[in-house]
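Listed here are the chains, written in short residue letters.
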Amino acid sequence: MDPRDLWSESLAGVLARPVRSALTTLGTVLGIGTLVITIGVAATAANQIVGRFDALTATSVTVVVPAPPSGSADPPLVSWSGTDAVERLAGVESSAALSDAEDTANVQVRANDIVAPGTVTEQTLAVVAATPALPEAVRGTMTAGRFYDAGDIARHERVAVLGDQAARLLGIDDVRDAPAIFFDGQSFTVIGVLSGIQREQRLSASVILPPTTAADRMGLKDVTRVLVNTSLGAARQVARQAPIALAPGHEEALTVTAPPDLTKTRKGVQGDVNGLFLILGLVSLIVGAIGIANVTLVTVMERTGEIGLRRALGASRRQVAGQFLAESTTIGLLGGVVGAALGVVAVVCVAAVKHWTPVLDLGLALGAPVAGALVGLLAGLYPSLRAARMEPVDALRAPS
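Remember, it's a predicted structure, so these values are computed and weren't measured experimentally.

Draft legend 1. The arrangement of the packing of helix H11 (residues 317-354) against helix H12 (residues 362-379) in detail. Across the interface, H11 lies against H12 with an axial gap of 6 Å and an inter-helix angle of 150 degrees. Taken together, the axes of H11 and H12 lie roughly antiparallel to each other. Here H11 runs over H12; the crossing is right-handed. On H12, the residues touching Leu 325, Ser 328, Thr 329, Gly 332, Leu 333, Gly 336, Val 337, Ala 340 and Val 344 of H11 are Ala 365, Ala 368, Pro 369, Gly 372, Ala 373, Gly 376 and Leu 377.

Draft legend 2. How the structure looks around helix H7 (residues 211-218). Looking only at H7, the buried set comprises Pro 211, Thr 212, Thr 213, Ala 214 and Met 218. Check the buried side of H7 and you find it contacts strand E4 (122-130), helix H5 (150-154), strand E7 (180-183), strand E8 (186-195) and strand E9 (206-209).

Draft legend 3. Region of interest: the side chain of Thr 59. Among the structural elements, Thr 59 can be located in the loop between helix H2 (18-57) and strand E1 (60-64). Only 2.5 Å separates the side chain of Thr 59 from the side chain of Arg 139, close enough to count as a polar contact.

Draft legend 4. Representation of the side chain of Gln 186 in the model. Following the sequence through the fold, Gln 186 ends up in strand E8. Within the structure, the side chain of Gln 186 is placed 3.2 Å from the side chain of Arg 217, a separation counted as a polar contact. Beyond its immediate sequence surroundings of up to four residues, Gln 186 is in contact with Arg 158, Ile 181, Arg 217 and Met 218.

Draft legend 5. Structural context of the packing of helix H10 (residues 304-312) against H11. H11 packs onto H10 with a crossing angle of 140 degrees between their chain directions and a minimal axis gap of 10 Å. Relative to H11, H10 is oriented oblique. For the element pair H10 and H11, the recorded crossing hand is right-handed. When H10 is examined against H11, the residues Glu 306, Ile 307, Arg 310 and Arg 311 are found in contact with a partner set consisting of Arg 317, Val 320, Gln 323 and Phe 324.

Draft legend 6. Looking closely at the pattern of salt bridges. A full pass over the atoms with the stated rule returns nine salt bridges. A salt bridge links Glu 122 to Arg 110; its shortest N-O distance comes to 3.5 Å. Pair noted here: Glu 122 is in strand E4 and Arg 110 is in strand E3 (residues 107-110), with a separation of twelve residues, a long-range link. Judged by relative accessible area, which is 32%, Glu 122 ranks as partly exposed.

Draft legend 7. Spotlight on the pairing of E9. Residues Ser 206 and Ile 208 of E9 are buried on one face, and the alternating residues Val 207 and Leu 209, pointing to the opposite face, are buried as well. Pairing geometry for E4 and E9, over four bridges, is parallel. By the bridge assignment, Ala 129 is partnered in E9 with Leu 209. Relative to E9, strand E6 (residues 159-163) is paired through two bridges, and the arrangement is antiparallel. Residue pairing across strands places Val 161 opposite Ile 208, the latter belonging to E9.

Draft legend 8. Region of interest: the environment of Gly 308. When you line up the elements, Gly 308 lands in helix H10. Taking C-alpha positions, Gly 308 is 4.3 Å from Pro 392, a pair spaced 84 residues apart along the chain.

Draft legend 9. Expanded view of a negative patch on the surface. A cluster of acidic residues, Asp 84, Glu 87, Glu 93 and Glu 136, forms a negative patch on the protein surface. Among the residues examined, Glu 93 registers a relative accessible area of 53% and is labelled exposed.

Draft legend 10. Focus on the environment of Gly 339. As for its placement among the helices and strands, Gly 339 is situated in helix H11. A residue is classified by how much of its surface remains accessible, and Gly 339, at 0% relative accessible area, is buried. Taking C-alpha positions, Gly 339 is 9.5 Å from Ala 365, a pair spaced 26 residues apart along the chain. Among residues more than four places away in sequence, those in contact with Gly 339 are Val 29, Ile 32 and Gly 33.

Draft legend 11. Layout of the nonpolar core. Judged by nonpolar contacts, the single largest core of 23 residues is most densely connected at Val 109, Leu 162, Ile 181, Phe 183, Val 207 and Leu 209. Counting residues per element, the ones that place at least two in this core are E3, E4, E6, helix H6 (164-170), E7, E8, E9 and H7. Grouped together as the second largest cluster of nonpolar side chains are 19 residues, Val 92, Val 226, Val 228 and Leu 254 included.

Draft legend 12. Local environment of the pairing of E8. Among the ten residues of E8, eight are classified as buried, and the element is accordingly described as predominantly covered. Bridge count between strand E5 (residues 141-145) and E8: four bridges; the pairing is antiparallel. Looking across to E8, one finds that Thr 141 is bridged to Ser 195. Looking at chain direction, E6 and E8 are connected through five bridges and run parallel. The residue bridging Val 159 from the neighbouring strand is Thr 189, located in E8. Of the pairings in the sheet, the one linking E7 to E8 comprises four bridges and is antiparallel in character. Bridging across to E8, Ile 181 finds its partner in Phe 188.

The rules we used
- Within any chain, residue numbers begin from 1 and follow the written order of that chain's sequence.
- At least 70 in pLDDT is required for a residue's local features to be given in this predicted model, at least 80 for side-chain atom pairs to be given and counted, and no such filter applies to totals for whole chains, interfaces and linings, which use all residues.
- The basis for the side-chain values is all heavy atoms of the structure; hydrogens and waters are excluded.
- Helix axes use the C-alpha atoms of the stretch in contact, all axes being lines fitted to C-alpha atoms, and the angles between their N-to-C directions lie in the range 0 to 180 degrees.
- The way it works is that DSSP assigns letters per residue, a run of H or I at least four long becomes a helix, a run of E at least two long becomes a strand, and they are numbered from the N terminus.
- Here roughly perpendicular refers to angles of 65 to 115 degrees, roughly parallel to angles under 35, roughly antiparallel to angles over 145, and oblique to all remaining angles.
- Working rule for handedness: look at the near helix, and if it is turned counterclockwise from the far one by less than a right angle, call the crossing left-handed; if clockwise, right-handed.
- The criterion used for residue contact is that any of the two residues' heavy atoms lie within 4.5 Å.
- Partly exposed residues are those whose accessible area sits between 20% and 50% of the maximum for their type, while under 20% is buried and over 50% is exposed, using a 1.4 Å probe and protein chains only.
- Definition of a polar contact: a pair of N or O atoms within 3.5 Å, with one able to donate and the other able to accept a hydrogen when the atoms are protein atoms, and with sequence-neighbouring residues admitted only if both atoms are side-chain atoms.
- The rule for a salt bridge is simple: a side-chain nitrogen of Lys or Arg has to be within 4 Å of a carboxyl oxygen of Asp or Glu.
- Following DSSP output, two strands are said to pair if at least two bridges run between them.
- A patch is a set of surface residues, each over 30% in relative accessible area and not in a salt bridge, joined within 9 Å for like charges and within 5 Å for the nonpolar side chains Val, Leu, Ile, Met, Phe, Trp and Tyr.
- All accessible areas in this document rest on Shrake-Rupley with a 1.4 Å probe, and a residue is counted as covered only by the protein chains that are shown.
- A positive count includes Lys and Arg, and a negative count includes Asp and Glu. His and the chain ends are not counted in either.
- Here the site of a charge means atom NZ of a Lys, CZ of an Arg, CG of an Asp or CD of a Glu.
- Within this scheme, the nonpolar core is defined by two criteria: the residues are buried Ala, Val, Leu, Ile, Met, Phe, Trp, Tyr or Cys, and they are joined through side-chain atoms within 4.5 Å.

Function cannot be inferred from these measures alone, as they are strictly geometric.
In structure tokens:
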């Protein structure tokens, strides 16, 4: 039998029962579609998870400055203006210097200077000093008032900015009336509230002072940490260069905390998620294959008379088996094409709803029809062999 005749005969056999063929194809459509959807959604979700992980952690560099020896007359390793040199490095988006100490980690702070018997008027908060770029460096926002500026620092103004938790504890939610706080026997005017802190979250329960004011009033003179935000991919380079920019000649004395290489983490997350959903997709594909095998076997039983007639007219066992194999392969191929198309559309729709970037494996989308055809071929092996083994006389005698 010519291959073209075999193809036309198998196509005619498929179209002879369009409803049954469509329902049989549906099993492969579901299997291939599920496979494409699960792997595509898994890859998209894994990429989104790792992307968020990158955005939050892979751009943060922290430089820790050791405290000078007690009684030392040497200049500090890092000056308050040292962040200017850091911000000139390629890949740096923002930076800020911080100063804290054990003596200022637990300070009794009051929101008024009146002590009423039987009421709690003091809260234990940390007092720190920072440069004006702190809100951007900690990825926070000013929800009330403003952050102090270079003018406040130059004038040694007695102003303070509260973290959002500190403001709630002290009952301050509006700074338009210039509320004052009191600690260490001194008063400070609250000019702003800093919220949404993503780095150094303990600052949300802190009182933040200008460096000059903190040095004069609280003894916070030396920089203890420098926070640096970088663009994606620049963190490790900035981590190498920042100590040199901050303390030329003494960079080995500084400790740098940089994010690790996330390449292995990304591959691990994607591999774990893909492996889980791949099993689910294969299960669906097996169900589709069983459906094709079952329907093909029923078709063979129903067409026993036709098989006997073909054998009586000279068709060989190989040709009979080839016809039914071609029919099951055609059903699998159609299911693979439709399933792959629906799977790709579903992945794109899910990504659009979630505002994600869809990640599609081109090889999977193009190989899905081939996989469907292979499933149809394997599913049709037994029914085709059974049809080929029928004797012409017995097949003609059997009811059709």
